[in-house]
Amino acid sequence: MYEVINMDSVLERLNKIMQKRTGIDFTEMDELLKDKALLGKELGVAPRDLVMICIDIENEFGIKIPENKIVEGSLK
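First, a word on what this report is: a plain description of the structure on this page. Since we're looking at a predicted model, the values are computed, not measured.

**Comments concerning the overall build of the chain**
- Across its full length, the chain carries four helices and zero strands.
- What you see in the chain, going N to C, is helices and strands ordered as α-α-α-α.
- Put simply, the chain has 76 residues, and 25% of those count as buried.
- Sequence-distant contacts, at least 24 apart, represent 41% of the contacts inside the chain between residues at least 6 apart.
- A total of about 5900 Å² of accessible surface is found on the chain, and carbon and sulfur atoms cover 54% of it.

What follows is the structure, encoded as structure tokens:
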């Protein structure tokens with residue numbers, strides 16, 4: 001059986017992680033930031049912070065982020 005996912009809840013949980021690690025409130029800046037690379041110059045997230053964000057997301061949602069997605073810089 002599949003679990004029904006509340007997208008607002010997911011986005012709220014992700015935003016809490018991002019605020020904790022970057023200090024950026026993505027709910028206020030959603031349209032401007034949603035397509036920006038986390039390691040890009042515009043957001044300037046440090047690589048060590050990106051690692052911590054990925055760990056937080058994996059723990060929060062019980063998932064595994066593929067290493068190649070992190071290495072190729074495609075996380076947005």
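**Quick word on a nonpolar patch on the surface**
- Taken together, Val51, Met52 and Ile55 make up a surface patch of nonpolar side chains, about 220 Å² in accessible area.
- Taking the relative accessible area as the measure of exposure, isoleucine 55 reaches 34% and is therefore partly exposed.

**Comments concerning the side chain of glutamate 58**
- Along the chain, the position of glutamate 58 falls in helix α3 (residues 47-61).
- Discounting chain neighbours no more than four positions away, the residues touching glutamate 58 are Ile63, Lys64 and Ile65.

**Topic: the layout of surface pockets**
- Counted as a void, the second largest pocket has a volume near 180 Å³.
- Lining the second largest pocket are eleven residues; nearest its centre among them are Ile5, Val10, Arg13, Phe61 and Ile63.
- Breaking the lining of the second largest pocket down by element, the ones donating at least two residues are α1 (7-22) and α3.
- Ranked by residues supplied to the lining of the second largest pocket, first place goes to α1 with four residues.
- Considered class by class, the residues forming the lining of the second largest pocket number seven nonpolar, two polar and two charged.

**So, α1**
- With 16 residues, α1 ought to run about 22 Å at 1.5 Å a step, and its terminal C-alpha atoms sit 22 Å apart, in line with that.
- Taken as a whole, α1 has its buried residues at Val10, Asn15, Ile17 and Met18. For α1, the buried positions fall inside an angular range of 165° around the axis, keeping them on one side. In α1, the exposed residues that point more than 90 degrees away from the buried face are Asp8, Lys16 and Lys20.
- Elements that come into contact with the buried residues of α1 comprise α3.
- Between the side-chain oxygen at the start of α1 and the backbone nitrogen of aspartate 8 there is a gap of 2.9 Å, and the oxygen is on asparagine 6.
- Downstream of α1 by one or two residues, glycine 23 has phi in the positive range, about 80°.

What counts and what doesn't
- Residues numbered from 1 in each chain as written.
- Predicted model: local features only at pLDDT ≥ 70, side-chain atom pairs only at ≥ 80, totals over all residues.
- Heavy atoms only, no water.
- Helix = DSSP H or I, 4+ residues; strand = E, 2+ residues; numbered from the N terminus.
- Buried < 20%, exposed > 50% of the residue type's maximum accessible area, 1.4 Å probe, protein only.
- Contact = heavy atoms within 4.5 Å.
- Areas by Shrake-Rupley, 256 points an atom, 1.4 Å probe, with all protein chains shown as cover.
- Patch = residues over 30% accessible without salt bridge, like charges linked within 9 Å, V, L, I, M, F, W, Y side chains within 5 Å.
- Salt bridge = Lys/Arg side-chain N within 4 Å of Asp/Glu carboxyl O.
- 1 Å grid on protein atoms, 1.4 Å probe; cavity = no way out; pocket = protein on both sides within 12 Å on 5 of 7 lines; lining within 4 Å.
- Points joined across faces, edges and corners; volume = space filled by probe spheres on them.
- Nonpolar A, V, L, I, M, F, W, Y, C, P; charged D, E, K, R; others polar.
- Expected span 1.5 Å × (residues − 1).
- Arc of directions from axis to C-beta.
- Polar contact = N/O pair within 3.5 Å; in protein donor to acceptor, adjacent residues only side chain to side chain.

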